[in-house]
Amino acid sequence: MRTPTWDEIREFLRYDRWTPDKPRSTDHDYFTKTLPDGEILITKVSRSGQKTMSAGRFKAILADQLHVAEADFWEVLRSKRPATRPVPAPEPEPVSLPLWLARELERLGVAPEEMEKLDEGRARTLRDTLRSRPSTDQPRG
């Protein structure tokens with residue numbers, strides 16, 4: 001496995017639009033990148049520009065810090081374009097019932113935990129079913 005120099009890592013970061021972090025008094029520079037889903041990536045780069053790293057270190061940096069596959073890393077250097085990272089699908093919005101329907105179900109004795117499991121169509125069906133039952137509060141003739 002070919003491993004990059006630290007200068008090539010810096011080149012990758014430039015093309016992938018990473019932001020230099022505030023300078024620190026170490027022998028490394030730090031960079032950050034905010035992904036479209038809000039996740040913030042952080043990496044540090046040695047100032048020993050022409051030195052290379054072990055294959056194990058390179059794999060760890062790719063997976064843990066840069067969040068790209070090896071082929072994508074080299075493609076960014078070749079194309080001088082940012083890496084394409086998969087964007088996770090947004091979490092589905094929790095289903096919520098209209099307030100009037102939730103209040104009516106509550107009045108009919110449906111527990112909030114049960115309402116959380118219902119979509120609006122099933123909630124309306126349950127309301128209609130509960131309304132159609134004979135009331136036990138009415139005097140029998």
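See above for the structure.
Residues numbered from 1 in each chain as written. Predicted model: local features only at pLDDT ≥ 70, side-chain atom pairs only at ≥ 80, totals over all residues. Heavy atoms only, no water.

1. Observations concerning the nonpolar core
In terms of nonpolar packing, the biggest core is built from 21 residues, with I9, F12, L13, L66 and F73 touching the most fellow members. Counting residues per element, the ones that place at least two in this core are α1 (6–15), β3 (40–46), α2 (55–66) and α3 (70–79). Of all the elements, α1 adds the most residues to this core, at 5 residues. In contact with F12, other than residues within four places in its own chain, are W18, L66, V68, F73, V76, L77 and R85. The next biggest cluster of nonpolar side chains, apart from the first, holds 9 residues, and it includes L97, L105, V110 and A123. (Core = buried A, V, L, I, M, F, W, Y, C linked by side-chain atoms within 4.5 Å. Buried < 20%, exposed > 50% of the residue type's maximum accessible area, 1.4 Å probe, protein only. Helix = DSSP H or I, 4+ residues; strand = E, 2+ residues; numbered from the N terminus. Contact = heavy atoms within 4.5 Å.)

2. Points about the packing of aromatic side chains
As enumerated under the stated definition, the model contains 4 aromatic pairs in all. Arranged with centres 4.9 Å apart and planes meeting at 25°, the rings of F12 and F73 form a pair that is stacked. Separated by 61 residues along the polypeptide, F12 in helix α1 and F73 in helix α3 bring together distant segments of the chain. Given a relative accessible area of 0%, F12 falls into the buried group. The class for F73 is buried, based on a relative accessible area of 0%. Between the aromatic rings of F73 and W74, the centroid separation amounts to 5.0 Å while the plane-to-plane angle is 85°, which identifies the pairing as edge-to-face. By the burial criterion, F73 is buried, and W74 matches it. One aromatic cluster in this structure is built from F12, F58, F73 and W74. Directly above the ring of Y15 sits R14, whose terminal nitrogen or CZ lies 5.0 Å from the centroid. (Phe/Tyr/Trp six-rings, centres within 6.5 Å; stacked < 30°, edge-to-face > 60°. Lys NZ or Arg CZ within 6 Å of the ring centre and 35° of its normal.)

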